[in-house]
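# Examining the three-dimensional arrangement
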Amino acid sequence: MATLDLTTDVVTLTRQLMDIDSVSLNELELADAVEQALSVYAHLVVERRGNSIVARTDLGLPERVVIAGHLDTVPINGNFPSRLDEAAGVLHGLGACDMKSGDAVILKLAATLAKPNRDVTYVFYDAEEIEAVHNGLGKLAASEPDLLAGDFAILMEPSNAGVEAGCQGTLRVEVRTAGERSHSARSWRGVNAIHKAGEVLRRLEAYVPRKPVIDGLEFHEGLNAVFVSGGVAGNVIPDECVVTVNFRFAPDRSEEEALAFVTEFFEGYDVTLTDSAPGALPGLDRPAAKAFIDAVGGEVGPKFGWTDVARFTVLGIPAVNYGPGDPMYAHKADEHVNISEIITCEQALRDWLTA
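On a predicted model such as this, the values are computed, not experimentally measured, just so you know.

When the UniProt feature table is mapped onto this chain numbering, "domain: Peptidase M20 dimerisation" (unreviewed entry) sits at residues 169-266. Segment residues 169-266 splits into 24% helix and 38% strand. End C-alpha atoms: 19 Å apart.

Glancing now at helix α3 (residues 96-112). Compared with the 24 Å implied by 1.5 Å per residue over 17 residues, the 22 Å span of α3 between its first and last C-alpha is a close match. Within α3, 16 of the 17 residues are buried, which leaves the element mostly enclosed by the surrounding structure.

Attention now moves to the sheet that holds strand β19 (residues 336-338). On the basis of which strands lie adjacent, the open sheet formed by 3 strands has the order β4-β5-β19 and antiparallel pairing. Bordering the open sheet on either side are β4 (83-85) and β19, each of which pairs with just one other strand. Pairs of neighbouring strands in the sheet enclose a mean axial angle of 20 degrees, with direction left out of account. Inspection of the sheet shows β4 paired to strand β5 (residues 90-92) by 3 bridges, in the antiparallel sense. Paired with Arg83 across the bridge in β5 is His92. Strands β5 and β19 of the sheet are contacted by α3, whose axis makes an angle of about 50 degrees with β19.

Quick look at the sheet that holds strand β16 (residues 270-277) now. One open sheet holds the 4 strands; their spatial order is β13-β15-β9-β16, and the pairing between them is antiparallel. Edge strands, defined here as strands with exactly one partner in the open sheet, are β13 (222-230) and β16. Going across the sheet, the axis of each strand differs from the next one's by a mean of 20 degrees, ignoring polarity. As defined by bridge partners, β13 adjoins strand β15 (residues 240-249) across 8 bridges and the pair is classed as antiparallel. Bridging across to β15, Ala225 finds its partner in Val245. Contacts from helix α6 (residues 198-206) reach β9 (169-178), β13 and β15, with the element oriented near 160 degrees to β13. This element, helix α7 (residues 255-265), spans β9, β13, β15 and β16 of the sheet and lies at about 30 degrees to β9.

The next subject is the pattern of salt bridges. Applying the stated criterion across every chain yields a total of 19 salt bridges. Taking the shortest distance from any N to any O, the salt bridge between Arg176 and Glu240 comes out at 3.5 Å. With Arg176 in strand β9 and Glu240 in strand β15, this residue pair connects regions lying 64 residues apart in the sequence. One salt bridge in this structure joins Glu199 and Arg202, with 3.4 Å as the shortest N-O distance. A residue pair is termed a helical-turn pair when its members lie 3 or 4 positions apart in one helix, as Glu199 and Arg202 do in helix α6 at 3 residues. Salt bridges linked by common partners bring Glu47, Arg49, Arg56 and Glu144 together as one network.

Another aspect to go through is the domain arrangement of the protein. Interfaces are often described in size by the accessible area the parts lose on coming together. For the protein, the assigned domains are domain 1 (10-167 + 280-353) and domain 2 (169-277). Here domain 1 and domain 2 have C-alpha centroids that lie 36 Å from each other. Between domain 1 and domain 2, the residue contacts involve 15 residues of the former and 12 residues of the latter. Summing the contributions of domain 1 and of domain 2, the shared interface buries around 970 Å²; its carbon and sulfur component is 70%.

Rules of the game
Residues numbered from 1 in each chain as written. Predicted model: local features only at pLDDT ≥ 70, side-chain atom pairs only at ≥ 80, totals over all residues. Heavy atoms only, no water. UniProt positions renumbered as here; feature names shortened; annotations may be inferred. Helix = DSSP H or I, 4+ residues; strand = E, 2+ residues; numbered from the N terminus. Expected span 1.5 Å × (residues − 1). Buried < 20%, exposed > 50% of the residue type's maximum accessible area, 1.4 Å probe, protein only. Pairing = 2+ DSSP bridges. Axes fitted to C-alpha atoms, helices over the stretch in contact; angles between N-to-C directions. Contact = heavy atoms within 4.5 Å. Salt bridge = Lys/Arg side-chain N within 4 Å of Asp/Glu carboxyl O. Domains from an automatic or database assignment. Buried area = accessible area lost by both parts, 1.4 Å probe.

Laid out in structure tokens, this is it:
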């Protein structure tokens, strides 16, 4: 059985995590190691659900924060096990930035902060890198939201050791146009559904993105065609065309409001929702968030992509992304993380939780 040494430094601990294979749905060995490592600390209440581990302090303090990270990685791509380039100060390998360096920071804090200035819930969950139905954080939020209760949450996704607050929501719809089939040699006897989709594309081309300011951060919405499908055969006028549209909406809109906007935007067309996920409000006005921003320093930016911070918003918990590593290298064969960022994140969170 693999073991983790939580008394070692955070970089060595990162390597220990990286050298345990935990490709999505294969997290059992790592989850066992995390549970075993945390269970020896008397200041933590440790609970396990499947391959997700929740460890909490219970000091009766007026604020509780949640710090979370996923245990799984994408499939191995010639980048396992870890490799340390000490001269360059870089750690290479699967999960380096996404997100075992973040997990190492969480584990180190959980083990060493017996008396933080806020109660803390540390969450390690499985199956983030695959279909949402498997997501361990999503399962906890749906079945036992009390385990995730808090005033503020931090998801340690890679963010170059800077704060990215909240995240935008996302939905996809299919916009259909209908026509009538005919032989292409007698096209006037039919109605070309692909030609009718031209107006759908013109509306998208003329779209002006909304840029709301939330907690001092400017978000930037986006409405774009991502697929166009249609056609029957090379000599047939098509009777249907489907334009798939992705709407990235600011977190001050609910999923219902976002869908209502898209439906109205494509008034006159058949609009079918195929996928939807809510955004996450930054919540930078909360006392815990303000103190966190002061401790971390630097410029706070909005998160334009979707992350699991949105699951906290559904529970009424403002959340930010903050973790070591450049997200541009996540899922790549040359995935890596700067050692300095791992150390920076650990120290910043430690300062915040002990100030």
